[in-house]
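# Structural overview for review
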Amino acid sequence: SHIMSEYVRMTDAERDQIDQDAQIFMRTCADAIQQLRTEAHKGVQSAQVKEHRTAVLDFVEDYLKRVCKLYSEQRAIRVKRVIDKKRL
């Protein structure tokens, strides 16, 4: 409680802006991964290089999915708190 009082709390508008920016950023990342997938094999003759690039993009895409899931869980907690507050 003492530690929290030292910091200024974020407003709902600031939280909404962060949510909007995060969604745009996640969508941009997903689009970039898809574009890289499309271009990853152009001009590459080696099967090993193709497999490596595919694996790297799979890892990056999986990481983004885990980040998106974590973000969604945190946002759901925030929404639940807002709903609970309104009920009281």
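Cut-offs and rules
Residues numbered from 1 in each chain as written. Predicted model: local features only at pLDDT ≥ 70, side-chain atom pairs only at ≥ 80, totals over all residues. Heavy atoms only, no water. Helix = DSSP H or I, 4+ residues; strand = E, 2+ residues; numbered from the N terminus. Expected span 1.5 Å × (residues − 1). Buried < 20%, exposed > 50% of the residue type's maximum accessible area, 1.4 Å probe, protein only. Contact = heavy atoms within 4.5 Å. Salt bridge = Lys/Arg side-chain N within 4 Å of Asp/Glu carboxyl O.

## Description of helix H2 (residues 12-39)
Between its first and last C-alpha atoms H2 spans 40 Å; for 28 residues at 1.5 Å apiece the expected length is 40 Å, and the two agree. Residues Asp19, Met26 and Ile33 constitute the buried set of H2. For H2, the elements touching its buried residues are helix H3 (47-87).

## What about the pattern of salt bridges?
Under the counting rule described, the total for this entry stands at eight salt bridges. Of the charged contacts, one joins Arg75 and Asp19 as a salt bridge, the two residues approaching to 3.6 Å between their closest N and O atoms. Here Arg75, found in helix H3, pairs with Asp19, found in helix H2; they are 56 residues apart in sequence, far enough to count as distant. Here Asp19 falls in the buried class, since its relative accessible area comes to 11%. Where Asp19 meets Arg78, a salt bridge forms, and the shortest distance between an N and an O atom there is 2.4 Å. Of this pair, Asp19 sits in helix H2 while Arg78 sits in helix H3; the two residues are 59 residues apart in sequence, bridging distant segments of the chain. Through salt bridges with shared partners, a single network forms among Asp16, Asp19, Arg75 and Arg78.

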